[in-house]
Amino acid sequence: RIDLYKTKTNKQDQEARRTKLLERQKNDREKRLSALRNIEEESDSPKKTN
Amino acid sequence: IAQIELPLNQWPDLIQILVNNCTTPNVPDPLKEACIEALGYIVEDIEPTVLIHQSNLILTAIINTMRKEEPNERVRVAGAQALFNALEFCKDQFENPDERNYIMRVICESTQTNISKLSVASLQCLSKIMSLYYKHMENYMSQALFAITLSALDSKDDQVALQGIEFWSTTCEEETDLAIEAQEAAELGEPPDVVSKHYMLGALQYVVPQLLKCLTVQEEYDDEDDWNPNKAAGVCLMLIAQCCMDNVVPHVIPFAEHIGHADWRFRDAAVMSFGCIVDGPDPKTLNQPTWNLIPHLVHMLKTDSSLAVRDTCAWTLGRICERLPQTILQHPSVNDLVAALLLSLENDPRVATNACWAFSSLAESAYDAAENLAGDNEEEPQTYILSSYYATIIQKLLLTTARPDANQNNLRSAAYESIMELLKSSPRDCYAVVQETTVTIIARLEDLLHHRQSSNEKTSGGNYNDLQSLLCATLQCVIKKMQQGDAIQISDTVMSAFLMMMSSNEQSSEVQEDALMAVGTVMEVTDKHFAKYMDSFWPYLVASLQNHAEYSVCAAAVGIVGDMCRTFGAEMANFSDKLMDLLVSALSDQALHQSVKPSILSTFGDIAMAIGPVYTKYLQVVIHILKQASEATVDKNDYEMLDYFNELREGILEAYSGIVQGLKGEDTANNQLEQLKPYLQIIVQLIISVSEDRDKTDSLTCCACGLIGDIVTGYGVSIKNFVQFDSIADLLSQGRRSRISKTKSMAHWASKEMKKINAL
């Protein structure tokens with residue numbers, strides 16, 4: 001519990017960087033697959049309009 | 001020895017001998033104590049199934065030594081400590097009301113002693129029982145536990161008080177988990193396994209005042225590693241805020257209003273109490289009290305005579321910035337807050353560290369607010385509330401990293417982390433500062449690397465490595481923020497620094513991993529321009545993929561291979577023979593940490609998508625590996641293994657999808673999908689097995705739906721009969737019902753493609 005005392009999560013430590021990078025890579029892979037599948041992914045936010 | 005021999009049934013009479021020594025009259029006390037201690041150690045580590053048939057015997061012996069009739073104090077203490085370890089064995093006994101009553105009576109009696117160690121060990125048992133057997137506690141809470149733990153909270157003996165607090169912290173954790181489980185069960189339309197009795201809510205009015213009292217008993221010269229009732233009370237209050245949410249607020253606010261007390265201990269406790277409840281209650285409930293407190297907190301951060309109070313103010317303001325961004329950003333004191341935080345960066349390291357964290361939260365909240373204001377039309381906001389201070393904040397943070405005392409209280413790292421957050425969360429009008437910061441960070445990294453080369457100093461290795469990692473991570477942030485043209489301009493310098501970081505033989509794996517991750521970012525931003533670095537980067541990539549001992553380095557290198565596939569496309573064929581070789585070797589190495597293996601499988605798919613039909617040369621080997629991986633089984637009661645199993649299957653499915661897409665290719669004349677046809681049954685079998693798996697993740701469902709779609713669009717009507725299974729239809733329907741939009745759209749797409757071939 002001592003780790004909870006008066007600390008804030010160190011968001012940017014190596015573990016967090018690693019997770020972020022993995023997420024980015026997974027995202028890139030999915031984007032590439034999506035492009036090949038020719039489907040448009042639905043996003044969680046409302047679609048952007050030009 | 002027992003850990004080794006008991007599971008092999010090679011010491012069958014051991015437990016009986018130990019138990020006899022604990023229960024037979026006239027056994028000398030030291031022998032009794034040693035036997036009970038030995039029993040405690042054995043049950044602590046042994047696989048429970050080994051001793052399950054002797055659990056009654058063990059428990060009877062342990063409880064026997066704890067009773068108040070036992071004259072020897074040391075034996076009773078050893079008994080209570082052994083019981084703590086044995087509690088997980090007591091499932092059956094806790095199901096039986098008579099046995100449960102007896103165990104609880106002995107423990108409760110043991111808490112009521114003036115032998116401090118016995119009281120502490122017995123209270124520890126109560127906390128663990130609360131966590132393990134919550135559902136059976138109803139009768140004991142009102143009759144005994146409530147009074148026992150409240151009295152412990154008030155004890156003058158710190159060790160006893162700590163256990164009293166621990167009991168309520170554990171209760172909070174249990175009830176917070178139960179609330180989450182109840183919500184999940186409700187979403188599934190099922191009743192929860194265990195229902196929360198809201199003991200914490202009922203005890204708020206008694207427990208919170210005691211905790212607030214503990215908050216006023218600070219150590220004058222606090223050692224940050226010491227654990228005492230003051231700190232435990234702070235943590236307990238944070239857990240209560242998360243468990244009881246809005247209900248905690250009226251119990252704390254009147255106390256927090258003593259912020260102007262003459263005694264620093266009360267001022268500190270008042271600020272601390274508010275900081276503790278910032279996370280949990282609805283921000284709307286906290287808005288008004290926070291609004292009122294902010295000017296006082298800012299003023300105290302600047303002027304309070306007590307270091308402890310300034311430290312707590314900085315921490316509390318940081319939490320407000322993080323949890324209640326709307327309140328702080330709209331407050332007229334926000335300018336004063338920035339000024340006070342800037343001033344605090346020059347304060348004692350513990351205050352400065354909290355100021356760094358406050359800046360991180362403030363920057364993130366300010367950026368989010370600006371993004372929301374800009375709506376959907378802008379990728380990056382033009383400006384935000386911190387823009388006019390931005391250059392000063394960055395400059396002060398850079399100075400903070402270089403403070404001679406920055407190694408204290410994690411200050412250097414906190415300052416760099418804060419710089420990273422400010423860089424990431426910066427609007428367009430701060431871009432010039434981002435550029436300047438890049439130059440500074442590159443210069444610092446080069447300076448550090450050259451200094452390392454010229455001096456043979458090895459003693460400060462840890463600090464040196466940490467600094468390299470921090471600079472590397474900061475550079476990653478700026479590169480990601482840069483416009484491509486600017487990134488290309490600095491990429492030569494940056495890459496040579498990263499290569500130098502990787503080149504040192506004595507380099508720590510953390511630094512190598514950070515350097516590889518940074519290289520991945522350079523590749524992401526510079527795209528095809530990265531090709532010019534491939535000759536010099538290649539040997540490091542190969543070495544990293546072969547570094548199976550430092551698996552995080554290997555994992556980062558596997559990620560880079562995936563990035564290369566997406567960056568170089570068909571040109572990846574120049575590298576793929578060697579890379580496939582290295583990836584297959586890594587997979588077949590039993591010594592390589594299993595966490596790397598799923599991403600290697602996915603990377604097989606990335607390579608196929610990049611090089612297209614040329615991939616047929618690897619097909620046989622890869623299919624053999626994927627088939628083997630599909631046959632893996634795990635103990636599904638082991639949650640970690642279950643997670644791994646799902647990740648592994650995701651890797652396999654991603655590999656197949658990549659292969660189908662790759663072999664299909666862009667040129668229909670060169671379509672090589674026929675080569676995969678003999679293996680279709682294996683692939684479909686895996687999809688069926690995934691479909692029927694109740695423990696699959698949503699992400700796995702998504703991948704499986706994607707693969708069905710790939711197969712159907714790739715082969716068309718010719719494989720119609722291969723995919724006509726109820727399980728496949730079920731999977732698609734599960735995907736369509738998913739709450740995750742990505743899975744939903746994937747399942748809809750695959751279902752649509754399936755309908756097309758069914759119509760033919």
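Because the structure is predicted, anything quoted here is derived from the model rather than measured. (Residues numbered from 1 in each chain as written. Chains lettered and ligands numbered in written order. Predicted model: local features only at pLDDT ≥ 70, side-chain atom pairs only at ≥ 80, totals over all residues. Heavy atoms only, no water.)

*Asks:* Teacher, can you tell me more about the overall build of chain B here?
*Replies:* What chain B contains, in helices and strands, is 36 helices and zero strands. Considered along the principal axes of its C-alpha atoms, chain B spans approximately 90 × 65 × 60 Å. Within chain B, buried positions represent 56% of all 760 residues. Counting only contacts in chain B whose residues sit at least 6 apart along the sequence, the fraction spanning at least 24 positions is 72%. For chain B, the computed accessible surface area is about 33,200 Å², with 49% contributed by carbon and sulfur atoms. For chain B, the separation between the mean place of its 55 positive charges and that of its 101 negative charges on side chains is 4 Å. (Helix = DSSP H or I, 4+ residues; strand = E, 2+ residues; numbered from the N terminus. Buried < 20%, exposed > 50% of the residue type's maximum accessible area, 1.4 Å probe, protein only. Contact = heavy atoms within 4.5 Å. Areas by Shrake-Rupley, 256 points an atom, 1.4 Å probe, with all protein chains shown as cover. Lys, Arg positive; Asp, Glu negative; His and termini not counted. Charge placed at Lys NZ, Arg CZ, Asp CG, Glu CD.)

*Asks:* How should the environment of Asp282(B) be read in this particular structure?
*Replies:* Residues and elements named next belong to chain B. As for its position among the elements, Asp-282 is in the loop between helix H15 (264–276) and helix H16 (283–303). The class of Asp-282 is partly exposed, set by a relative accessible area of 34%. Each C-alpha atom of the pair Asp-282 and Asp-223 lies 34 Å from the other, and the pair is 59 residues apart in sequence. In this structure the side chain of Asp-282 is engaged in a polar contact, spanning 2.9 Å, whose partner is the backbone nitrogen of Lys-284. (Polar contact = N/O pair within 3.5 Å; in protein donor to acceptor, adjacent residues only side chain to side chain.)

*Asks:* How should the interface of chain A and chain B be read in this particular structure?
*Replies:* A common way to report how large an interface is uses the accessible area buried once the components associate. With 35 residues of chain A at the contact, the number on the chain B side is 68 residues. For the pairing of chain A and chain B, the buried interface totals around 4,500 Å² over both sides, and the portion due to carbon and sulfur atoms is 49%. In this assembly, chain A and chain B are joined by ten salt bridges. Asp710(B) is the partner of Arg37(A) in a salt bridge, and the nearest nitrogen-oxygen pair spans 2.6 Å. For the pair chain A and chain B, the interface holds 14 residue pairs in polar contact (both at pLDDT 80 or more). (Buried area = accessible area lost by both parts, 1.4 Å probe. Salt bridge = Lys/Arg side-chain N within 4 Å of Asp/Glu carboxyl O.)

*Asks:* I would appreciate a short explanation of the packing of H16(B) against helix H19 (residues 334–344) of chain B in the present structure.
*Replies:* Axes are the key here: two packed helices are described by the angle between their axes and the distance separating the axes. All names here are of chain B. In the contact formed by H16 and H19, the axes pass within 9 Å of each other and the chain directions differ by 25 degrees. One finds that H16 runs roughly parallel with respect to H19. Crossing handedness for the pair H16 and H19: left-handed. Packed against H16, whose contacting residues are Val-298, Leu-301 and Lys-302, the element H19 presents Asp-336, Leu-337, Ala-340, Leu-341, Leu-343 and Ser-344 at the interface. Classifying every residue of the contact of H16 with H19 gives six nonpolar, one polar and two charged. (Axes fitted to C-alpha atoms, helices over the stretch in contact; angles between N-to-C directions. Parallel < 35°, antiparallel > 145°, perpendicular 65-115°, else oblique. Left-handed = near helix turned anticlockwise from the far one by under 90°. Nonpolar A, V, L, I, M, F, W, Y, C, P; charged D, E, K, R; others polar.)

*Asks:* How do you make sense of a negative patch on the surface when you look at a structure like this?
*Replies:* Residues and elements named next belong to chain B. Together, Asp-158, Glu-219, Asp-223, Glu-224, Asp-225 and Asp-226 make up a negatively charged patch on the protein surface. With respect to the helices and strands, the residue Asp-223 is situated in the loop between helix H12 (199–215) and helix H13 (229–244). Using a relative accessible area of 38% as the deciding quantity, one classes Asp-223 as partly exposed. (Patch = residues over 30% accessible without salt bridge, like charges linked within 9 Å, V, L, I, M, F, W, Y side chains within 5 Å.)

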